[in-house]
Amino acid sequence: MIKRILKKIKGSRSEIDFLLNQGFKMGNNCLIYSENAIDSNFPWLIELGNHVIISTNVKLLAHDASTGYVNNHTKIGIVKVGNEVFIGSGTTILCDTRIGDNVIIGANSVVASDLPSNGVYAGNPARFICSIEEFKTKHIKNLDKKCVFKKPWYEWRNATKEEKEEMKKALQDTFGYVK
């Protein structure tokens, strides 16, 4: 089972093996698209639940060395991410932070305190934007109003020039969705 999970994780096998051997914990069906996302100094202080997606350029830090400047000690703390969590590109999650279940964290956010379950958060510092239910309702309704491209997102990398131009034209004044 661990081999199946590791196949879904981006990054080098030796990096993942190192983290797991050092005590990093990860649930089922996690996708990590960031290299070096997990604090390699204290990986045993970081835990991911099931169905967690970590986008590109994300950092989960279990330590804060800035405190060494004032008291000659590095602050450390647990980072725990719940189930069904999406962490947007460029986000930094600081030490001593707990993220609940069913959470979306917007791109380039800084998570400096606990985020309760069932919410969408974004910003620096990350703040509550709306509930997961409000987010779902909005985007489900948008499927009737906006452009929906039937090809799965991962196939667009190989789209034809015509398909790319068609998409660009359709999105000229709005946004849309891919499957």
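Only a predicted model underlies this, so the values are computations on that prediction, with no experimental measurement involved.

Caption draft 1: Quick look at unusual backbone geometry. Each neighbour pair has its own omega, and for Asn124 with Pro125 the value is 0°, a cis peptide bond. With a phi angle near 55°, Asn29 is a residue other than glycine that sits in the positive phi range. With respect to the helices, strands and loops of the structure, Asn29 is situated in the loop between strand 1 (25–26) and strand 2 (31–32). What makes Asn29 partly exposed here is its relative accessible area of 35%. At Asn108, a residue that is not glycine, the phi angle is positive and equals roughly 60°. Structurally, Asn108 can be placed in the loop between strand 12 (103–105) and strand 13 (110–111).

Caption draft 2: Examining the nonpolar core more closely. One finds Leu48, Ile54, Leu60, Val81 and Ile99 to be the most contacted residues of the largest nonpolar core, which totals 27 residues. Within the residue set of this core, elements represented by two or more residues are strand 3 (46–48), strand 4 (52–54), strand 8 (79–81), strand 9 (85–87) and strand 12. The residues touching Ile99, leaving out its near neighbours within four places in the chain, are Lys80, Val81, Gly82, Val85, Ile93, Ile105, Val111 and Leu115.

Caption draft 3: Broad picture of the packing of aromatic side chains. Counted by the stated rule, this structure contains five aromatic pairs. Arranged with centres 5.5 Å apart and planes meeting at 65°, the rings of Phe42 and Trp44 form a pair that is edge-to-face. In this structure Phe42 comes out as partly exposed when scored by relative accessible area, which is 22%. Judged by centre distance (5.7 Å) and plane angle (85°), the ring pair of Trp153 and Tyr154 falls under edge-to-face. By relative accessible area, which is 53% here, Trp153 ends up exposed.

Caption draft 4: Structural view of the environment of Arg98. Among the secondary structure elements, Arg98 is positioned in strand 11 (residues 97–99). Sequence spacing of Arg98 and Ser113 is 15 residues, and the spatial spacing of their C-alpha atoms is 7.4 Å. Not counting residues within four places of it along the chain, the set of residues in contact with Arg98 comprises Ile78, Lys80, Asp114 and Leu115. In this structure the side chain of Arg98 is engaged in a polar contact, spanning 2.7 Å, whose partner is the side chain of Asp96.

Caption draft 5: Focus on the pattern of salt bridges. This structure, assessed with the given rule, holds three salt bridges. The salt bridge involving Asp96 is made with Arg98; its shortest N-O contact spans 2.7 Å. Owing to a relative accessible area of 32%, Arg98 belongs among the partly exposed residues under this scheme. Measuring nitrogen to oxygen at the nearest pair gives 3.9 Å for the salt bridge that ties Lys136 to Glu133. Here Lys136 pairs with Glu133, and both are found in helix 4 (residues 132–145), just three residues apart, close to one helical turn. Residue classification places Lys136 among the partly exposed residues on the basis of a relative accessible area of 44%.

What counts, and at which threshold
Residues numbered from 1 in each chain as written. Predicted model: local features only at pLDDT ≥ 70, side-chain atom pairs only at ≥ 80, totals over all residues. Heavy atoms only, no water. Helix = DSSP H or I, 4+ residues; strand = E, 2+ residues; numbered from the N terminus. Buried < 20%, exposed > 50% of the residue type's maximum accessible area, 1.4 Å probe, protein only. Core = buried A, V, L, I, M, F, W, Y, C linked by side-chain atoms within 4.5 Å. Contact = heavy atoms within 4.5 Å. Phe/Tyr/Trp six-rings, centres within 6.5 Å; stacked < 30°, edge-to-face > 60°. Polar contact = N/O pair within 3.5 Å; in protein donor to acceptor, adjacent residues only side chain to side chain. Salt bridge = Lys/Arg side-chain N within 4 Å of Asp/Glu carboxyl O.

All quantities given are derived from atomic positions and should not be read as evidence of function.
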